[in-house]
Amino acid sequence: MTTLTAAPAAFAATAPAPATVSTTRPAVRVLTGDRPTGRLHLGHYFGTLDNRVRLQARGADLFVVIADYQVLTDRDVADDLPGHVEELLLDYLAVGIDPERATIFTHSAIPALNQLLLPFLSLVSVGELRRNPTVKDEISHSRQASVSGLMFTYPVHQAADILFCKADVVPVGQDQLPHLEVTRTVARRFNNRYTEPGSPLFPEPEALLSAAPLLLGTDGAKMSKSRGNAIALAADADETARLLAGARTDIDRNITYDPQGRPEVSSLVLLAALCLDRDPVEVAHEIGSAGAAALKRLVTEAVNGFLAPIRARRAELARDRGYLRAVLRAGNERAGAVAEATLDEVRTAMNSRY
Ligand code: ATP
Ligand code: MG
């Protein structure tokens, strides 16, 4: 699979934002999203949010899916969905996703998107789904005794999320690469089966990884909303200090940057470096023998300094819930129109027009 670590050349020029809601394609299209399972965290910021905002600034047509059905992949009930959806919206807007230019939507509100799941499911085998390493990992962390059909078919649903708007680029963290491979397979097989050579219906989207595609949490495992190891963008300065003080390190007092050999220490060094826009090797070298306590002090200051303006903006936005609802309503409307147009093409390609 092609994985980009920098924006594609197509972004070199700054395209103007579309002035009106349109279902045609004004620019390179980007789709990405998150499950409404809690507040977004630093792993999201440096893993994908930062890339979303950069692409938006370069004129990309950005779609952000709040993947509400996918909350049910690893739990029986989706707790407080409206609350979590609102938290996500606040996080998006606070980091700079601009609803005037981007389309933020909830996939349960887009029936035509979900209808794509049926033909797409016919294009993958059970064996392929069973081998997906991210699904295996999520099953092992899930709160369910057995694996639901939704969990199992999660990557195909994600293919519908991505392909309904014919995204070219998907800024994601590393855990999403196997899912994106399924999307590329679905696109390729659909094109081969139902379209003429040379005029594919779906592009094969490319993953865009950041410099921190797998940020670790305070326990040394992938930082995740549902694993209790995350530093939320919206956490206050004291909570951040407390969480970082409890972060796992190792017994070697000399601080170095060695992601393979010393993942926990290196993740903290990387976090400080990202917040300070510095080189992690230099940051580690400067701390040197001052040890883990000095490292934690530095990371805490760096994170709190970096997040202060985002937190202030978030608090400001939280005062106007009507505005948040209007953002989502407009996003759902536009995503719905785009999905209808794609489903229409799919019906034609599949010869299912009666
Ligand atoms: P959950 O625990 O509920 O699954 P999560 O923290 O894993 O939540 P998701 O909503 O599943 O977050 O992921 C949204 C996006 O953020 C995906 O593109 C994912 O790759 C990226 N992402 C999540 N966690 C990290 C991380 N620790 N480092 C880098 N990217 C991440
Ligand atoms: Mg996840």
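Please read all numbers here as calculations on a predicted model, not as lab measurements.

## What about the environment of V71?
Position of V71 relative to the elements: it lies in the loop between strand 3 (61-66) and helix 2 (81-95). Relative accessible area serves as the criterion here: at 2%, V71 is assigned to the buried category. Note: C-alpha distance between V71 and L295 (224 residues apart in sequence) is 35 Å.

## Considerations on the site of ligand 1
Of all residues adjacent to ligand 1, which total 22 residues, the nearest are T37, D175, K222, K225 and S226. Between ligand 1 and H44 there is a distance of 2.8 Å, counted from an oxygen atom to a side-chain nitrogen or oxygen. Contacts to ligand 1 include D175, whose side-chain N or O atom sits 2.5 Å from an oxygen atom. Protein coverage of the free-state accessible area of ligand 1, which is 600 Å², stands at 97%. Here the shell around ligand 1 gets 4 residues from one element, more than from any other, and that element is helix 1 (residues 42-57). Partitioning the shell around ligand 1 into residue classes produces 6 nonpolar, 11 polar and 5 charged.

## Some points on the pattern of salt bridges
As enumerated under the stated definition, the model contains 22 salt bridges in all. Between R314 and E87 there is a salt bridge whose closest N-O contact spans 2.6 Å. Of the two residues, R314 sits in helix 12 (residues 291-317) while E87 sits in helix 2, which places them 227 residues apart along the sequence. Residue classification places R314 among the buried positions, given a relative accessible area of 11%. E87 sits in the partly exposed class, given a relative accessible area of 25%. R278 is the salt-bridge partner of E286, the closest N and O atoms lying 2.8 Å from each other. Residue classification places E286 among the exposed residues on the basis of a relative accessible area of 59%.

## Observations concerning the environment of Y45
For Y45, the position within the fold is in helix 1. Aside from chain neighbours lying at most four places away, what touches Y45 is D50, V95, L233, F306 and I310.

## Quick look at unusual backbone geometry
Phi at K166 takes a positive value of approximately 55 degrees, unusual for a residue other than glycine. Along the polypeptide, K166 turns up in the loop between helix 7 (149-163) and strand 5 (169-171). On the basis of relative accessibility, which here comes to 14%, the residue K166 falls in the buried class. Phi at N351 is positive, roughly 60 degrees, even though this residue is not glycine. By secondary structure assignment, the location of N351 is in the segment after helix 13 (321-349).

## Observations concerning the domain arrangement of the protein chain
As assigned here, the protein chain comprises domain 1 (29-215 + 320-349) and domain 2 (225-314). Relative placement of domain 1 and domain 2: their C-alpha centres are 29 Å apart. In this assembly, 23 residues from domain 1 lie in contact with 21 residues from domain 2. When the two sides are added together, the surface that domain 1 and domain 2 hide from each other amounts to roughly 2,000 Å², 63% of it contributed by carbon and sulfur. Taken as a group, R39, L42 and F46 account for 30% of the area that domain 1 buries against domain 2, more than any other trio of residues on that side. At the boundary of domain 1 with domain 2, the tally comes to 4 salt bridges. Between D137 and R227 there is a salt bridge, with the nearest N and O atoms lying 3.2 Å from each other. Across the contact surface, domain 1 and domain 2 share 9 residue pairs in polar contact (both at pLDDT 80 or more). Among the secondary structure elements, those contributing two or more residues to the side of domain 1 that touches domain 2 are helix 1 and helix 2.

Quick notes on the rules
- Residues numbered from 1 in each chain as written.
- Chains lettered and ligands numbered in written order.
- Predicted model: local features only at pLDDT ≥ 70, side-chain atom pairs only at ≥ 80, totals over all residues.
- Heavy atoms only, no water.
- Helix = DSSP H or I, 4+ residues; strand = E, 2+ residues; numbered from the N terminus.
- Buried < 20%, exposed > 50% of the residue type's maximum accessible area, 1.4 Å probe, protein only.
- Near = heavy atom within 4 Å.
- Polar contact = N/O pair within 3.5 Å; in protein donor to acceptor, adjacent residues only side chain to side chain.
- Areas by Shrake-Rupley, 256 points an atom, 1.4 Å probe, with all protein chains shown as cover.
- Nonpolar A, V, L, I, M, F, W, Y, C, P; charged D, E, K, R; others polar.
- Salt bridge = Lys/Arg side-chain N within 4 Å of Asp/Glu carboxyl O.
- Contact = heavy atoms within 4.5 Å.
- Domains from an automatic or database assignment.
- Buried area = accessible area lost by both parts, 1.4 Å probe.

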